[in-house]
Each structure stands twice: as C-alpha cells, then as structure tokens.
Amino acid sequence: SELEEYNIGLDFGTFRSLASIHTKEAIIPLLPKSNPEIKNGIPSLFYYGKKNGSVLCEEVTIQNLDIDDPSNVVRSIKMDLQNESIVLDGKSFTAQEIAVPIIKKILEYSDDALLSTSRYKRSNKAVVGVPVSFGTEKRQKLIQILEGAGLINPKLLPEPCAAALYYTHIHPNT
C-alpha cells in the first residue's frame, strides 16, 4: 500500500531539535529509531577539528571521539544565524554551513522514524517554530538554511503560537 505523506513540524532548538507529524490519529514525534540513545531530541551542536573533520555532536558522543578543544563545538547556532565567519580549529564556516547539516540530520532521523512505521512518509514541506525575537533578517536566513537542507517553501511560526496550538490539540476542552 502507498504511504501517507505528511508535512513535518520542526523545532530547530537552541540545544536540541525535534520533528513531528500530525496524523488523523495522533501527533507523532520523530525520534531516531536508528539511534535510541537520543531520547530528548537531536543535539543542535556541530564540531570541527582537524583530527576528525566536521562532525555533528551526537555522533561525537556515539563514536566517543576525542574532542581536542571544546571551543571547536558550536552551540546555539540558531541564535547566531547572521554570523558569516565562525572559525573552528583554523577553518572558517558560515552559520549556514553549520546549520544545514544539522537540519539535514534531523530530516534523516525523521525519515528513519517514519519508514519504521510502514505507514507514513515525509513531504518536503515543513512548519518551523521560531523565537518571537527573530526579526525579518533572521527569519529570511533561517528560510534559506531550511531550503538549503531540502525543504520547499518552509513556513515559520512563532514559538508561543506553536505551543498554544499544541496545547489546544492535547486539551481541546480547555
């Protein structure tokens, strides 16, 4: 039978990220089935070192790689999207070069979780929660990053609205 296609909701978090879909039956968090060690979302961290190259931080933990300098770990890239020169172990990166692989990893894990259901697949469309403090420039940069990761015409939703929508779905009679 053919898989039902769903747009995803994406929380590109400052420290952890997670995607989900909303089917007719339920909201399904898309936790990585191939990596059960990640239970509370995917770390939104990025590491670069000459010894290991570019590595997403959950892989650093899983592979137990030796991080020679913790200052080569980028934390909270979401809050630094306009930075055009982030230097890690002597190599310069743009925020987009760091954020796109993180988003791609989230989408990869989402696909993995959906395929394990044998019922659903992800479309290339998404709604993404953003901090209320994001102005037009940061929103545009985030859209470019999401499109660079393969999403088509992503929609942005202020995080308080996303929380309210989730709450009213879970508690419809309140």
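Structure's up top.
This one's a predicted model, so the numbers in the text were calculated from it and none came from an experiment.

**Q** Explain the pattern of salt bridges to me, using residue names and the numbers behind them.
**A** Going through the model one piece at a time under the given rule, you end up with four salt bridges. Glu-159 is the partner of Lys-78 in a salt bridge, and the nearest nitrogen-oxygen pair spans 3.1 Å. Taken together, the positions of Lys-78 in the loop between strand S7 (73-74) and strand S8 (86-88) and Glu-159 in helix H4 (residues 159-170) put the pair 81 residues apart, joining distant regions of the chain. Overall, the relative accessible area of 4% leaves Lys-78 in the buried class.

**Q** Kindly report on unusual backbone geometry, identifying the contributing residues and their values.
**A** The backbone of Ser-76 shows a phi angle near 50 degrees, a positive value even though the residue is not glycine. Residue placement: Ser-76 occurs in the loop between S7 and S8. Although it is not a glycine, Asp-89 sits at a positive phi angle of roughly 50 degrees. On the accessibility criterion, Asp-89 (23% relative accessible area) is partly exposed.

**Q** Mind laying out the nonpolar core, listing which residues take part and the relevant values?
**A** Within the largest apolar cluster, 40 residues are counted, with the highest numbers of intra-cluster contacts made by Ile-77, Ile-98, Ile-103 and Leu-142. Breaking this core down by element, the ones donating at least two residues are strand S1 (4-11), strand S2 (16-22), strand S5 (46-49), S8, helix H2 (95-117), strand S10 (120-130) and helix H3 (136-148). It is H2 that provides the largest number of residues to this core, a total of eleven residues. With residues near it in sequence (within four places) discarded, Ile-77 still touches Phe-12, Ile-86, Ala-95, Ile-98, Ala-99 and Ile-102.

**Q** Describe H3, naming the residues involved and giving the relevant values.
**A** In this model, H3 (13 residues) spans 18 Å end to end at C-alpha, consistent with the 18 Å of a helix rising 1.5 Å per residue. Among all positions in H3, only Lys-138, Lys-141, Leu-142, Ile-143, Ile-145 and Leu-146 are buried. One or two residues past the end of H3 sits Gly-150, with phi positive at roughly 105 degrees.

**Q** Please provide a residue-by-residue account of the packing of aromatic side chains, values included.
**A** Two aromatic rings are characterised by how far apart their centres lie and by the angle between their planes. In this structure the tally under the stated criterion is three aromatic pairs. For the pair Phe-46 and Phe-93, a centre-to-centre distance of 5.6 Å together with 75 degrees between the ring planes defines the contact as edge-to-face. Of this pair, Phe-46 sits in strand S5 while Phe-93 is found in strand S9 (residues 91-93), placing the two residues 47 residues apart along the sequence. As far as burial versus exposure is concerned, Phe-46 and Phe-93 are alike and both buried. An aromatic cluster of three or more residues is present, and its members are Phe-46, Tyr-48 and Phe-93. Across from the ring centre of Tyr-109, 5.3 Å away, lies the NZ or CZ of Lys-105, which sits over that ring.

**Q** Please give an account of the pairing of S10 that cites residues and values.
**A** When S1 meets S10, the two strands line up parallel, connected through six bridges. Its bridge partner being in S10, Tyr-6 is matched across the sheet by Arg-122. Handedness of the S10-H3-strand S11 (residues 155-158) crossover: right-handed.

What counts, and where the lines are drawn
- Residues numbered from 1 in each chain as written.
- Predicted model: local features only at pLDDT ≥ 70, side-chain atom pairs only at ≥ 80, totals over all residues.
- Heavy atoms only, no water.
- Salt bridge = Lys/Arg side-chain N within 4 Å of Asp/Glu carboxyl O.
- Helix = DSSP H or I, 4+ residues; strand = E, 2+ residues; numbered from the N terminus.
- Buried < 20%, exposed > 50% of the residue type's maximum accessible area, 1.4 Å probe, protein only.
- Core = buried A, V, L, I, M, F, W, Y, C linked by side-chain atoms within 4.5 Å.
- Contact = heavy atoms within 4.5 Å.
- Expected span 1.5 Å × (residues − 1).
- Phe/Tyr/Trp six-rings, centres within 6.5 Å; stacked < 30°, edge-to-face > 60°.
- Lys NZ or Arg CZ within 6 Å of the ring centre and 35° of its normal.
- Pairing = 2+ DSSP bridges.
- Right-handed = clockwise from strand over helix to strand, strands pointing away.

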